[in-house]
Structures are given as structure tokens and as C-alpha cells.
Amino acid sequence: MRDKQSKQRNGLRQPRNFATLLSIIVPGLGQLYNRRIFKGILFLIITTSFLVTSWHYIDIGIWGLFTLGTIPREHHSIQLLIQGLISLIVLAFGVAIYISTIKDARRDAIAREEGKPKPSLLSGITSFYDRGFPYFMILPGLMMLLFVVVLPLLFMVSLAFTNYNQYNAPPRKLLDWVGIDNFAALFDVGIWQDTFLNVFTWTIVWTIVATTLQIVLGLFLALLVNDKRIKFKRTLRTVLILPWAVPAFVSILIFSALFNPTFGAINRDILSQFNIMIPWLSDPFWAKTALIMIQTWLGFPFVFALFTGVLQSVPADMYEAADVDGGTRFQKLRFITLPHVLFATAPLLIMQYAGNFNNFNIIYLFNEGGPAVRGQNAGGTDILISWVYKLTFETNNYNMAAAITIIMGLIISIFAFFQFRKTAAFKEEGRY
């Protein structure tokens, strides 16, 4: 009978709508209307505390986010930008609590309309513990994630749409929102266009060639050492993995000295025997060649260890069945070995490409991205990540560095997303 009467009511006369409206006006009123006194008072206290403690901060933060300040030397655009971004995060929390309060009031009102008994305080706490305890426990981690990861990302993305550089830096000057001008400059302005295209092209070549070579070399050595005719396998595996045991930055610095055209052993002790002297560090082509060789040396031990482990798990009876069917070595490699190896390692190999795309260490430690190239503001071997470093810490072009970083992030994200989806490990999970 009670349900029938409730259904006959329309609009605000229906309790669920009236409780929702009260919660929209003042969070907590809907709960009080539903006779959930403790919950209503609790929501009122939370709402009041939130507004009292954060309203002024959010008000200034949102104003600063839109204006970036109005008085030079008095308003600091970067501080206002950061306060604005923090205000957005805090405001998002407030909106989430506000919406949950409204939904809670409506849910309780519907329960009343259906004649369900009002839960006691103890049962409410028990229900919260059962359903909300996991979320409550991850809340501190989520908060830390927001302020340690999300906030810096938002700040970087915001900088890409401002004119923050060496000649327009606060507090001496105020920043302005410039839309996509920084992105357009990478394709319209001469020096930026030439530099971006050269660095981007080299980054792609570097990523594909260096990574592919280390994968091919690692696979070749793994197949070779795994052959039944090879003896002393443990010793060979240990020797081939040794380069991985040396810290990469130490190996890079040693290679930088070896390739030095003046006192390096490669020119002085080896190539000089053939009357050859190669400008490894001063010529962009030879510097790039040296970098690819060094990365192949540094990267193949990991791939070798990875492939070696997978090759151990390939069932021997599959090769025996292939022998019975008259399969050649190439056919066994193509139809048995490679599918197993690539199925298990494809995600890690994709990450190798992504890692080399942003391999800052080898570029910077070998010759700091040099040599210098006339007509562009990046070195001859700079890849995008090392160019971003120079723009940020050497020439203070923060806006352009942020724009390039966004482009890099998009490239890596799109590449990784589509490649991961194409791998058999994701498509055919459980096949092997």
C-alpha cells in the first residue's frame, strides 16, 4: 500500500526527488529528511569543513589558473598555475563527495519508499566496512599518486600552452596562455622546424636500428649457445651476460674514452694500423654509428638472457616430431622456435623499443648529444629526450620542452598500445 502511494506521487512530492533536491542544495539535508540523523550531521560537518578550509585557496587558485596573474613582480604565474592545478584536484575530490552525498540521499529515500527498515548505526558501519574498506585503504596511495604523478603531468601539459621561456619568466614578467602556438612553432618557425625534423628522424632511426640490432644479436647468440653441439654452455652464457653486470654508465664512459679521436684506443691502437682516423665524436654520422654499436653492446646481454630462458622451455618432442616429418633447420626455427620465443617475449621486446626511444643516458654520457650542428639548437646526436633536457636546463625554453614532451608521450603511448594489442601474448593468452 505504501509503495503504491509513493508511486502515485510525481515530481518533488515523491520522497526520492525531494531528498535529492535537499542534498543538491545542502549536502546532508537529504539524509536528515530520510531520518538518517548521524549520517546527515556527518555530511554537514564534512561539507562545512571543506568549504571553510579550502574555499579561499580554491577561489584564488581558479582565478590564477585563468589569468596567471595581473600584476608583474607581485603575482608569480608559476605559483598561481600550481595552486590552480592543486585547486582543481581538491575541487574534484569535493565534487566526488558532493555527488556521492546526493546519490546516498536518493538511495535511502528509495529504500524508504519501498518500506525497507532503516539500518542501525552499527549495521551502517558494518556495511561501510564490508563495501568501502578497500577503497578507504587505497585512499592514501591514491592521494600520493595524484600529487606525485598526476600534478607534475598536469603542470608539464599546462606549460606547453604558455610562453614560459628565458625571456619571459616570472616574477619579472607574467606568463600568458598561447594556445597551440608552441606546437605550431615546431612546424612553422625555421630553426624549430629544422631541428625538430632532424632530431625526430634521428630518434626514430636510433630506436629502430639500435634496438633491432641488439635483439637480433641476442637471439642469434641464444640460438647458437642453445645448440646441442655447443659445449661449455654455462661458461659461454656467463661470459655473454657479463657486459650486463657492469653498470651501463660506466660502460658508456669507457666507450666514450675509447672512441675519443685524440687519445682513444680505437683510433690510436687499432685503426692507425691501417692509416685510418675516424672523427667519432666530432662528425654526426660517425658519432651516431658509434652510439648504435655501443647500444647494441649494452643491450644484447638482456635479450640473450631472455631468449635463453625461453628456449629452455621449448618442448624437445616438438623438434623430434619435426625431424620425423623431415623438417629442415630453417623450418624448425620458423614454425617452432620463433613462435615460442616471440609469444613469451614480445611485450618485453616492445618495451625495449620504448626504452631506447627515451634512452637519455647513452646520448648524454657519450658526447652530450654533440657535435653542434649549424642552423639548429640541438646537437648532431641528440634524440628528443636529450633535446628536451637541453631546452629545460641549458636554454630555459620550458614551453617548447613541454610541447616536445607531450609529443613524445603521445608517440610512445600510441606505439605501445597498438603493438601490445597485436602481440600473440595478449591475443592468444593460454595458447602455450
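Rules used throughout
- Residues numbered from 1 in each chain as written.
- Predicted model: local features only at pLDDT ≥ 70, side-chain atom pairs only at ≥ 80, totals over all residues.
- Heavy atoms only, no water.
- UniProt positions renumbered as here; feature names shortened; annotations may be inferred.
- Core = buried A, V, L, I, M, F, W, Y, C linked by side-chain atoms within 4.5 Å.
- Buried < 20%, exposed > 50% of the residue type's maximum accessible area, 1.4 Å probe, protein only.
- Helix = DSSP H or I, 4+ residues; strand = E, 2+ residues; numbered from the N terminus.
- Domains from an automatic or database assignment.
- Contact = heavy atoms within 4.5 Å.
- Salt bridge = Lys/Arg side-chain N within 4 Å of Asp/Glu carboxyl O.
- Phe/Tyr/Trp six-rings, centres within 6.5 Å; stacked < 30°, edge-to-face > 60°.
- Buried area = accessible area lost by both parts, 1.4 Å probe.
- Axes fitted to C-alpha atoms, helices over the stretch in contact; angles between N-to-C directions.
- Left-handed = near helix turned anticlockwise from the far one by under 90°.
- Nonpolar A, V, L, I, M, F, W, Y, C, P; charged D, E, K, R; others polar.
- Polar contact = N/O pair within 3.5 Å; in protein donor to acceptor, adjacent residues only side chain to side chain.

In the nomenclature of an unreviewed UniProt entry, the protein is known as Maltose/maltodextrin transport system permease protein of Virgibacillus necropolis. One UniProt comment on the protein, placed under Subcellular location (unreviewed entry), says "Cell membrane". As recorded by UniProt, the Sequence similarities (unreviewed entry) comment attached to the protein reads in full: "Belongs to the binding-protein-dependent transport system permease family. MalFG subfamily."

Turning to the nonpolar core, a few remarks are in order. Grouped together as the largest cluster of nonpolar side chains are 36 residues, with contacts concentrated most on Leu 186, Leu 384, Trp 387, Leu 391 and Ile 404. Where this core is concerned, the elements lending two or more residues are α5 (77-113), α6 (121-159), α7 (181-188), α8 (190-226), α14 (329-357), α16 (384-393) and α17 (398-422). Of the residues that make up this core, three or more belong to each of domain 1 (16-178) and domain 2 (182-429). Non-local contacts of Ile 404, meaning those with residues more than four positions away in its chain, are made with Leu 186, Leu 384, Trp 387, Val 388 and Leu 391. Grouped together as the second largest cluster of nonpolar side chains are 20 residues, Ile 266, Ile 278, Ile 292 and Ile 383 included.

Now for the UniProt feature "transmembrane region" (unreviewed entry) in the protein. As annotated in UniProt, the feature "transmembrane region" (unreviewed entry) corresponds to residues 41-58, 78-99, 144-162, 204-226, 238-259, 290-314, 335-355 and 398-418 in the numbering used here. In this annotation, residues 204-226 is assigned 100% helix and 0% strand; the end-to-end C-alpha distance for the span is 33 Å. Strand forms 0% of residues 238-259 and helix 86%; the C-alpha atoms that close the span are 27 Å apart.

The subject of this paragraph is the UniProt feature "domain: ABC transmembrane type-1" (unreviewed entry) in the protein. Those residues carrying the UniProt feature "domain: ABC transmembrane type-1" (unreviewed entry) are residues 200-419 in this numbering. As annotated, residues 200-419 comprises 75% helix and 0% strand, and the C-alpha atoms at either end are separated by 20 Å.

A separate point is the pattern of salt bridges. All chains considered together, the criterion is met by eleven salt bridges. Between Lys 39 and Asp 104 there is a salt bridge; the shortest N-O distance is 3.0 Å. Taken together, the positions of Lys 39 in helix α4 (residues 37-67) and Asp 104 in helix α5 put the pair 65 residues apart, joining distant regions of the chain. The exposure classification of Lys 39 matches that of Asp 104, with both residues buried.

Before going further, it helps to examine unusual backbone geometry. Omega for the peptide link from Pro 170 to Pro 171 comes to 5°, which places this bond in the cis form. Mapped onto the secondary structure, Pro 171 falls in the loop between α6 and α7. Here the residue pair Gly 370 and Pro 371 is connected by a cis peptide bond, since its omega of 0° sits within 30 degrees of zero. Within the secondary structure, Pro 371 is located in the loop between α15 (360-367) and α16. Even without being glycine, Phe 232 reaches a positive phi, approximately 55°.

As for its placement among the helices and strands, Ile 292 is situated in helix α12 (residues 284-312). Relative accessible area serves as the criterion here: at 13%, Ile 292 is assigned to the buried category. Distance in space between the C-alpha atoms of Ile 292 and Val 209 is 7.3 Å, their sequence separation being 83 residues. For Ile 292, the contacting residues outside a window of four places in its chain are Trp 202, Trp 206, Val 209, Ala 210 and Leu 213.

Two numbers describe a pair of aromatic rings. These are the distance of the centres and the angle of the planes. Under the definition given, this model contains 19 aromatic pairs. For the pair Phe 259 and Phe 366, a centre-to-centre distance of 6.0 Å together with 75° between the ring planes defines the contact as edge-to-face. With Phe 259 in the loop between α10 (248-258) and α11 (265-270) and Phe 366 in helix α15, this pair connects stretches of sequence that are 107 residues apart. Ring centres 6.1 Å apart and planes at 65° place the aromatic pair Trp 297 and Phe 300 in the edge-to-face group.

For the rest of this paragraph, the subject is the domain arrangement of the protein. On domain assignment, one finds that the protein holds domain 1 (16-178) and domain 2 (182-429). Taken together, the contact pairs eleven residues of domain 1 with eleven residues of domain 2. Summed over both sides, the interface between domain 1 and domain 2 buries roughly 860 Å², with carbon and sulfur atoms accounting for 64% of that surface. Three residues, Met 156, Ala 160 and Tyr 164, lead the burial of domain 1 against domain 2; their summed loss comes to 49% of the area buried on that side. Between the two partners, domain 1 and domain 2, sit zero salt bridges.

Two elements in contact, α10 and α15, have axes separated by 8 Å at closest approach and are oriented at 35°. Where α10 crosses over α15, the handedness of that crossing is right-handed. Contacts between α10 and α15 involve Phe 249, Ile 252, Leu 253, Phe 255 and Ser 256 from the first element and Asn 361, Ile 362, Leu 365 and Phe 366 from the second. Classifying every residue of the contact of α10 with α15 gives seven nonpolar, two polar and no charged.

The next thing to look at is the side chain of Gln 376. As for its position among the elements, Gln 376 is in the loop between α15 and α16. On the basis of relative accessible area, Gln 376 is assigned to the buried category, the value being 13%. Of the polar contacts made by the side chain of Gln 376, one reaches the side chain of Asn 198; its length is 2.9 Å. Each residue touching Gln 376, except ones within four places of it in the same chain, is listed here: Ile 191, Asp 194, Thr 195 and Asn 198.

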